[in-house]
Amino acid sequence: MEGKMIYLLLLLIIMLFLLAFFTSKEDILAPSVIVCLMWMFSTICAIYNVDNWGVNLHSNTIEVIVIGLLSFIVGGWIGSNMPTITYCKKTKRKVSKERAKLSVISVWKPVLIFLIIINCLTVALQLKWVLSQVGSISTWSETMTAYRSGSSSWNTDSVSKPSMLSNMEILLQITAYMMTYIGINNIFAEKKIKRNLLCFIPGILFAVDKIFNAGRGDILLYIGAIMLTVYICMQTKYEWRKQISRKYIKYMLIAVVLVTVLFSVSRSWVGRTNESGMLEYVTTYAGGSIQLFDLYMQDPETPSNIFGKETFHTLINYLGKKLNHPEWQYIAHLEFRYSNGVNLGNVYGAFRYYLYDFGLTGVIVLSCLAAVFYSYMYRHIQTMKLTSADGFSWKVLVYMYFAPSLFMFSIADYTYALLFNFVALIKWFVLAWFIKRLLVNRNFPVKI
């Protein structure tokens, strides 16, 4: 019976997905629906590798996953039904009884071009930094492999990147997210694609920079942000009355296939030496968390005396540096495990973090709170009645920053790492406010 338990897990997740879908008013990209979809996808990927990995799920694993997802659905329902708080100051904003309308966001072109030049310089400096760390190596793949081995994310004693370059990369990320939102908004508002192509250059540069950093996680989050922004702008245009058509589903499936292919092809670009086939590679990355979580449930790690070590690792590391507390300065990556002789990596899903730190109660409470957080933000966007004179919505940008973590929920927890990274949050949104003031809150004649 245990050998078939993974099929029982899939059936239960499908049932939970349907529950989330209908309690979210059949909204395919509601937070709880996304989370169930990603766990369903991971489970299907694990089923593909049942024989190769020797998958043999246990009942306690299924119990935690089902409880976690059910808690998220309940939290999603709570967040969606909480009353939204609106306010109005004596600014250029106006209150309307109707839903917010989609309008063109005018951008001052000289500032955008200047930012793109800074973004190009950022990418060039990152490439120079990589080469300075590894020297001259014959192939790009070998260069990135060498750079990965000395990456600061794996070694607390490695050389830190220059602060100027790190801040320039933050600026690049902000510009990419903000201009992507503006570009997508304007395309839906005025149906002119060519006129807004310049808005997507920072996003391309951001992806290149992340490849030069030997990582693709941030690129996946950025793609998730694009998907959410397209959906939000489309629904805002039609006052959230647009039904998901077969055409939209077809485009979503095509996008998923393209992202999957690119993810597999790009492994050598970031120094990954794995030479397995595309399906095996992708399903291991997406589905390994199911088997790894089961292995963890049967052989858990030794509890830590650090409160919230895995869930709140960004905050703890920050405090460790500021308070000169060596025990609080540690690598956040989880342990690698093997199954049936196959190295499955070290991704366990978000529930592993909550369970390790706070037990089953932590899974219930933290899953529910994360769902309330995302669903309340999403509900606020759906019910917007405050229309900015310049057409820009901070609510959408904030959601772009946080909500892509939902697409990674079956792989890792990003929510609390982002929320409790206070310094990074302040820096990100202060810079975003400053850039927005330069780009949008001006009335100059030269615009795009």
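Structure: see above.
Computed from a predicted model, the values in this text were never measured in an experiment. (Residues numbered from 1 in each chain as written. Predicted model: local features only at pLDDT ≥ 70, side-chain atom pairs only at ≥ 80, totals over all residues. Heavy atoms only, no water.)

**Q** Hey, could you run me through helix α13 (residues 350–382) in this one?
**A** Turn by turn, an α-helix covers 3.6 residues, leaving residues three or four places apart pointing in a common direction. Counted at 1.5 Å a residue, the expected span for α13 with its 33 residues is 48 Å, but the 27 Å between its end C-alpha atoms falls short. Along α13, the sharpest change in direction is near 135 degrees and occurs at F358. For α13, the buried fraction is high: 24 of the 33 residues fall into the buried class. (Helix = DSSP H or I, 4+ residues; strand = E, 2+ residues; numbered from the N terminus. Expected span 1.5 Å × (residues − 1). Bend = angle between axes of the 7 residues up to and from the residue. Buried < 20%, exposed > 50% of the residue type's maximum accessible area, 1.4 Å probe, protein only.)

**Q** Help me understand the environment of H313 in this model?
**A** Along the chain, H313 turns up in helix α12 (residues 313–322). The class for H313 is buried, based on a relative accessible area of 17%. Residues H313 and Q329, spaced 16 residues apart in sequence, show a C-alpha to C-alpha distance of 9.0 Å. With sequence-adjacent residues up to four places away left out, H313 is seen in contact with G308, Y330, A332 and A417. (Contact = heavy atoms within 4.5 Å.)

**Q** Help me understand helix α8 (residues 201–212) in this model?
**A** The end-to-end C-alpha separation of α8 is 17 Å, in line with the 16 Å expected for 12 residues at 1.5 Å each. Within α8, 9 of the 12 residues are buried, which leaves the element mostly enclosed by the surrounding structure. Inspection of α8 places P202, G203, L205, F206, A207, D209, K210, I211 and F212 among the buried residues, and these make up the whole buried set. Among the residues trailing α8, A214 stands out with phi positive, at a value near 60 degrees.

**Q** Honestly, the side chain of S264 in this entry has me stumped. Any pointers?
**A** With respect to the secondary-structure elements, S264 resides in helix α10 (residues 246–265). In this structure S264 touches M278, Y281 and V282, once residues within four positions along its chain are discounted.

**Q** What is the right way to look at the packing of helix α5 (residues 109–134) against helix α7 (residues 163–190) in this model?
**A** A pair of packed helices is characterised by two quantities: the angle between their axes and the separation of those axes. For the pair α5 and α7, interaxial distance at closest approach is 9 Å and the crossing angle is 135 degrees. In terms of orientation, α5 and α7 fall into the oblique class. Classified by chirality, the crossing of α7 by α5 is left-handed. In this structure, α5 contributes L112, L115, I118, N119, L121, T122, V123, L125, Q126 and W129 to the contact, and α7 contributes M164, L165, M168, E169, L171, L172, T175 and M179. Tallied by class, the residues present in the contact of α5 with α7 amount to 13 nonpolar, 4 polar and 1 charged. (Axes fitted to C-alpha atoms, helices over the stretch in contact; angles between N-to-C directions. Parallel < 35°, antiparallel > 145°, perpendicular 65-115°, else oblique. Left-handed = near helix turned anticlockwise from the far one by under 90°. Nonpolar A, V, L, I, M, F, W, Y, C, P; charged D, E, K, R; others polar.)

**Q** Honestly, unusual backbone geometry in this entry has me stumped. Any pointers?
**A** Phi is mostly negative for residues that are not glycine, and the peptide bonds are mostly trans. Not every positive phi belongs to a glycine, and K191 is a case in point at roughly 55 degrees. Unusually for a residue other than glycine, N340 sits at a positive phi of about 60 degrees. Of note, N340 is situated in the loop between β2 (337–339) and β3 (342–345).

**Q** Help me understand the pattern of salt bridges in this model?
**A** By the definition in use, this model includes 10 salt bridges. Here E190 and R195 are joined by a salt bridge, their closest N and O atoms 3.4 Å apart. For D299, the salt bridge goes to R337, with nearest N and O atoms at 3.8 Å. Placement of D299 in the loop between α11 (278–298) and α12 and of R337 in strand β2 is noted, with a sequence separation of 38 residues between them. Exposure remark for R337: the relative accessible area of 10% places this residue in the buried category. Shared partners join several salt bridges into a network, and the residues in it are D299, E301, E310, E335, R337 and R352. (Salt bridge = Lys/Arg side-chain N within 4 Å of Asp/Glu carboxyl O.)

**Q** Whenever I open this one, the nonpolar core confuses me. Can you help?
**A** Considering soluble globular proteins, one finds that nonpolar side chains tend to be buried as a cluster. Formed by 119 residues in total, the largest nonpolar core has its most connected members in I182, F351 and L439. Considering every element that reaches this core, the biggest residue donor is α13, with 14 residues. Not counting residues up to four positions away in its chain, the partners in contact with F351 are W39, V64, I65, G68, L69, F293, V363, S367 and F409. Membership of the second largest hydrophobic core comes to 7 residues, among which are W129, V134, Y147 and L165. (Core = buried A, V, L, I, M, F, W, Y, C linked by side-chain atoms within 4.5 Å.)

**Q** Sorry, what's going on with the packing of aromatic side chains here?
**A** To describe a pair of aromatic rings, you give the distance between the ring centres and the angle between the ring planes. Inspection of the entire model under this criterion finds 32 aromatic pairs. On the numbers, 5.1 Å between centres and 10 degrees between planes, the contact of W39 with F351 is stacked. Of this pair, W39 sits in helix α2 (residues 31–48) while F351 sits in helix α13; the two residues are 312 residues apart in sequence, bridging distant segments of the chain. The residues W39 and F351 share a single accessibility class, namely buried. Among the aromatic side chains, those forming a connected cluster through ring pairs are Y177, F206, Y222, F373, Y374, Y401, F402, W428 and F429. Positioned above the aromatic ring of Y296 is the side chain of R352, whose terminal nitrogen or guanidinium carbon lies 4.2 Å from the ring centre. The cationic tip of R352 hangs over the ring face of Y348; the distance from NZ or CZ to the ring centre is 4.6 Å. (Phe/Tyr/Trp six-rings, centres within 6.5 Å; stacked < 30°, edge-to-face > 60°. Lys NZ or Arg CZ within 6 Å of the ring centre and 35° of its normal.)

**Q** Any chance you could explain the environment of G79 here in plain terms?
**A** Structurally, the position occupied by G79 is in helix α4 (residues 59–81). Considered as a pair, G79 and Y374 are 295 residues apart in the sequence and their alpha carbons are 7.5 Å apart. With sequence-adjacent residues up to four places away left out, G79 is seen in contact with V372, S375, Y376 and R379.

**Q** What am I meant to see in the environment of A332 here?
**A** Within the secondary structure, A332 is located in the loop between α12 and β2. Residue classification places A332 among the partly exposed positions, given a relative accessible area of 34%. Remark: the alpha-carbon pair of A332 and I316, spanning 16 residues in sequence, is separated by 10 Å.

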